[in-house]
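Here are the chains, one letter per residue:
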Amino acid sequence: MRTMASTGGRDGGGYTPPRVKRSPWGLVALVLLIGVALIRNGAADGSGPPQPASDSAADSRYAVTLTPDEVLRPSEPLPKSSPSRIVVPTIRVNAPLTRVGLDSEGWIDSPPADDKNLAGWFKDAVTPGEKGTAVVVGHVDNQKGPAVFYNLGALKKGNEVEVARKDGRTAVFSVYGIEVFDKKSFPADRVYGETGSPELRVITCGGGYSKGSGYSANVVVFARLVQTRG
């Protein structure tokens, strides 16, 4: 199992890149690895970034009840179009997106750690709004403190994630789950598998932190396309 290289001392980006592998069913699954020297800055009391509430797990049926008589239903899929920006109003995220792919060894790159307000979208998955599961990743912190997804774990079911696309449309996703998964037992098939709907996963580091091994887990937001603007 490969680990990320340290940038020196306590410095590093708060996101561990996934690896791509082939599942027995021929589907692409992404397996997250353990990183090293991932810092936890920004919280004066040392408490670290917020973590998801205990009742925020994604419904196993991929549907969450919003009101007693309303169920979250997907919007019609959009054609392929590269995303340019992600906006999460509830946690005041408004960040450009950069393409991230695979390095020469087959590992998914993370966005540059020195830019605290930058997220990456995995270009080898579907684009946000297409049928399938799109993936956006970002650091929880960097050498200077909190980064783009520091507050990702504070999201709740029903919050919205907006992704602006280069075709002029904005894909609006509704959150139906926020969970923390240990990096040693990351459920790749569950997180990245197709549900038959246009889906989005937003991922950063989370869980406990140690200076030697960094964050122990990943915060994963499960969201589904519910509206298109533009």
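Look a little higher up for the structure.
All values derive from a computational prediction rather than experimental measurement.

Peer 1: Can you walk me through the pattern of salt bridges in this structure?
Peer 2: Opposite charge on two side chains lets them pair, provided their charged atoms get close. Taken as a whole and assessed by the stated rule, the structure comprises 6 salt bridges. Of the charged contacts in the structure, one is a salt bridge between Arg190 and Glu179, with a shortest N-O distance of 2.5 Å. Placement of Arg190 in helix α1 (residues 188-192) and of Glu179 in strand β12 (residues 170-182) is noted, with a sequence separation of 11 residues between them. Accessibility expressed as a relative area gives 32% for Arg190, which makes it partly exposed. The partner of Arg224 in a salt bridge is Glu199, with the nearest N and O atoms 3.0 Å apart. Of the two residues, Arg224 sits in strand β14 (residues 214-229) while Glu199 sits in strand β13 (residues 198-210), which places them 25 residues apart along the sequence. Its relative accessible area of 0% is what places Glu199 among the buried residues. What emerges from the salt-bridge pattern is a single network uniting Glu199, Arg201 and Arg224.

Peer 1: In this structure, what is going on with the side chain of Ser56? I would like to understand it.
Peer 2: Following the sequence through the fold, Ser56 ends up in the loop between β2 (28-32) and β3 (65-67). Residue Ser56 is classed as buried on the basis of its relative accessible area, which comes to 5%. Within the local environment of Ser56, its side chain forms a polar contact with the backbone oxygen of Ala53, the two atoms lying 2.6 Å apart. Within the structure, Ser56 has its side chain in polar contact with the backbone oxygen of Ile178 (distance 2.7 Å). Those residues in contact with Ser56, other than ones at most four positions away along the chain, are Lys157, Gly177, Ile178 and Glu179.

Rules of the game
The numbers attached to residues start from 1 for each chain and follow its sequence in the written order. Local features in a predicted model are, by the rule used here, given only for residues with pLDDT of at least 70; side-chain atom pairs are given and counted only at 80 or more, and totals for whole chains, interfaces and linings are based on all residues. Side-chain descriptors were evaluated using all non-hydrogen atoms of the structure, hydrogens and water having been removed beforehand. Only one rule defines a salt bridge in this text: a Lys or Arg side-chain nitrogen within 4 Å of an Asp or Glu carboxyl oxygen. Think of it this way: any DSSP run of H or I at least four residues long counts as a helix, any run of E at least two long counts as a strand, and we number them from the N terminus. Throughout, exposure labels follow a simple rule: accessible area from a 1.4 Å probe, protein chains only, divided by the maximum for the residue type, with under 20% read as buried, over 50% as exposed, and the rest as partly exposed. For the purposes of these results, a polar contact is taken to be a pair of N or O atoms within 3.5 Å, where, inside protein, one atom must be able to donate a hydrogen and its partner to accept one; residues adjacent in sequence count only when each atom of the pair is a side-chain atom. For this analysis, residues touch if any pair of their heavy atoms sits within 4.5 Å.

Everything listed here is a matter of coordinates, which is why it stays silent on function.
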